[in-house]
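Overview (structure and organization)
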Amino acid sequence: MHIVHTIAELREKLSGFKRPSFVPTMGNLHDGHIALVKQAKPLGDVSVSSIFVNRLQFAPHEDFDSYPRTLDADAQRLEAAGCNVLFAPREKELYPEPQTYKIHPATDLADILEGHFRPGFFIGVSTVVLKLFSCVYAGMPGGVAAFGKKDYQQVMVVRRMVQQFALPIEILAGETQRAEDGLALSSRNGYLSAAERQEAAELSKALKALGAAAKAARPADLPGLEAQAMQTLARRGWKPDYLTVRRRADLMPPQGPLASEPLVVLGAAKLGSTRLIDNLEI
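Residues numbered from 1 in each chain as written. Predicted model: local features only at pLDDT ≥ 70, side-chain atom pairs only at ≥ 80, totals over all residues. Heavy atoms only, no water.

A closer look at the pattern of salt bridges
Overall, the coordinates contain 21 salt bridges when judged by the stated rule. One salt bridge in this structure joins Arg 55 and Glu 91, with 2.8 Å as the shortest N-O distance. With Arg 55 in the loop between β3 (46–51) and α3 (71–80) and Glu 91 in helix α4 (residues 91–94), the pair connects residues that are 36 residues apart, well separated along the chain. With relative accessibility at 41%, the residue Arg 55 sits in the partly exposed group. The partner of Arg 247 in a salt bridge is Glu 261, with the nearest N and O atoms 4.0 Å apart. With a gap of 14 residues between them, Arg 247 in strand β7 (residues 239–247) and Glu 261 in the loop between β7 and β8 (263–271) connect regions that are remote in the sequence. Residues joined by salt bridges that share partners form a network here, namely Lys 149, Glu 175, Arg 248 and Glu 281. (Salt bridge = Lys/Arg side-chain N within 4 Å of Asp/Glu carboxyl O. Helix = DSSP H or I, 4+ residues; strand = E, 2+ residues; numbered from the N terminus. Buried < 20%, exposed > 50% of the residue type's maximum accessible area, 1.4 Å probe, protein only.)

Okay, here's the thing in structure tokens:
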């Protein structure tokens, strides 16, 4: 596996290929990232991953400075998974000057749920993803980029951006990888204490319970069911931002019969000082 730190080096290593399969990450890799690499690899002629902690998607009070940077261990895992090229740019390489040109996703998708509780988050995500796409796919006829479904709204934002800009990139959404107790794998799980780690599986349980209740309910019943799910977590010491049932197509509240409409249950809640997100398609 080649490890490169500049855009010029990256493009030189990719110059003989036509269809990269690309997995962008912020590092501190877990089995979910590795599953994406393995899933995407057969769909391209060269496997590429990136590690870059993107300042633009962190609010001033969030954990940019303390976000774990584990490049050596991550590189070993990527090489073992069959990655051919790792792009690990320094901040000055990707942002040599203040990034005044930014991607502003449509507010109907990007300003709800995660975008509501983390204002500007999807602007930062979209901007860095488009820049990484430019680094990887420049001069290519097309390619594949893989993102995990755990970040459900993020996948939708990126997919719409690709459609809107007519980029020749297929977006692959990989299934959420989970621990045995149901906790969605996440780089932020490492922040949990032993007791918090034991409690953390309650988020996925709450989503399952809400999903089961929603399928047997009417749309008018959903606000009450969602409030009840949040109260259940709050009584356990969580600070929930949202637990909600939405349409898979656009993340809007469902209007028609719930039993027959493709839905997704999404949740975000803070356990101690760690904010966890998860979702479940129903």
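After that view of the structure, there is still more to cover.
Observations regarding the packing of helix α10 (residues 202–215) against helix α11 (residues 222–235)
The geometry of α10 relative to α11 is characterised by a closest axis approach of 10 Å and an angle of 160° between their N-to-C directions. On the basis of their axis angle, the class for α10 and α11 is roughly antiparallel. Helix-helix and strand crossings are classified by hand; for α10 and α11 the assignment is right-handed. Touching Glu 202, Leu 203, Ala 206, Leu 210, Ala 213 and Ala 214 of α10 are Leu 222, Leu 225, Glu 226, Ala 229 and Leu 233, all from α11. Residues that form the contact of α10 with α11 fall into these classes: nine nonpolar, no polar and two charged. (Axes fitted to C-alpha atoms, helices over the stretch in contact; angles between N-to-C directions. Parallel < 35°, antiparallel > 145°, perpendicular 65-115°, else oblique. Left-handed = near helix turned anticlockwise from the far one by under 90°. Contact = heavy atoms within 4.5 Å. Nonpolar A, V, L, I, M, F, W, Y, C, P; charged D, E, K, R; others polar.)

Digging into the environment of Gly 256
Along the chain, Gly 256 turns up in the loop between β7 and β8. Judged by relative accessible area, Gly 256 falls into the partly exposed class, the value being 27%. Each C-alpha atom of the pair Gly 256 and His 2 lies 51 Å from the other, and the pair is 254 residues apart in sequence.

Side note on the sheet that holds strand β9 (residues 274–281)
One key point about sheets: their strands pair by backbone hydrogen bonds, in either a parallel or an antiparallel sense. With respect to topology, three strands assemble into an open sheet ordered β7-β8-β9, the strand pairing being antiparallel. Each edge of the sheet is formed by a strand with only one pairing partner; in this case those strands are β7 and β9. Neighbouring strand axes in the sheet, compared pairwise and without regard to direction, differ in orientation by 10° on average. Bridging between β8 and β9 involves eight bridges; their strand directions are antiparallel. Across the sheet, the residue bridging to Ala 269 is Leu 276, located in β9. Running over the sheet, α10 touches β7, β8 and β9 and is turned about 35° from β9. (Pairing = 2+ DSSP bridges.)

A look at the nonpolar core
Counting residues in each nonpolar core, the largest one holds 45 residues, and the members touching the most others are Leu 10, Phe 133, Ile 171 and Leu 251. Element by element, the count of residues in this core is highest for helix α7 (residues 121–137), at 10 residues. Among residues more than four places away in sequence, those in contact with Leu 10 are Val 4, Val 48, Val 85, Phe 87, Cys 135 and Val 136. One finds Leu 203, Leu 258, Leu 263 and Leu 276 within the second-largest nonpolar core, a separate group that totals 22 residues. (Core = buried A, V, L, I, M, F, W, Y, C linked by side-chain atoms within 4.5 Å.)

So, the environment of Glu 97
Among the secondary structure elements, Glu 97 is positioned in the loop between α4 and α5 (107–110). Judged by its relative accessible area of 56%, Glu 97 is exposed.

A closer look at the packing of aromatic side chains
What the rule picks out here adds up to nine aromatic pairs. When the ring of Phe 133 is compared with that of Phe 147, the centres are 6.5 Å apart and the planes differ by 75°; the resulting orientation is edge-to-face. Here Phe 133, found in helix α7, pairs with Phe 147, found in strand β5 (residues 143–148); they are 14 residues apart in sequence, far enough to count as distant. For Phe 133, a relative accessible area of 3% corresponds to the buried category. Since its relative accessible area comes to 5%, Phe 147 is described here as buried. The rings of Phe 22, Phe 133, Tyr 137 and Phe 147 are connected pair by pair, giving a single aromatic cluster. Positioned over the ring face of Phe 64 is Arg 69, at 4.9 Å from the centre of the ring. (Phe/Tyr/Trp six-rings, centres within 6.5 Å; stacked < 30°, edge-to-face > 60°. Lys NZ or Arg CZ within 6 Å of the ring centre and 35° of its normal.)

Remarks on unusual backbone geometry
Most peptide bonds are trans, and most residues other than glycine sit at a negative phi. At Leu 113, a residue that is not glycine, the phi angle is positive and equals roughly 50°. Using a relative accessible area of 6% as the deciding quantity, one classes Leu 113 as buried. Although it is not a glycine, Ala 166 adopts a positive phi angle of roughly 55°. For Ala 166, the position within the fold is in the loop between α8 (152–164) and β6 (169–174).

What to know about the pairing of β6
Pairing of β5 with β6 involves six bridges; the strand directions are parallel. The partner of Gly 148 across the bridge, within β6, is Gly 174.

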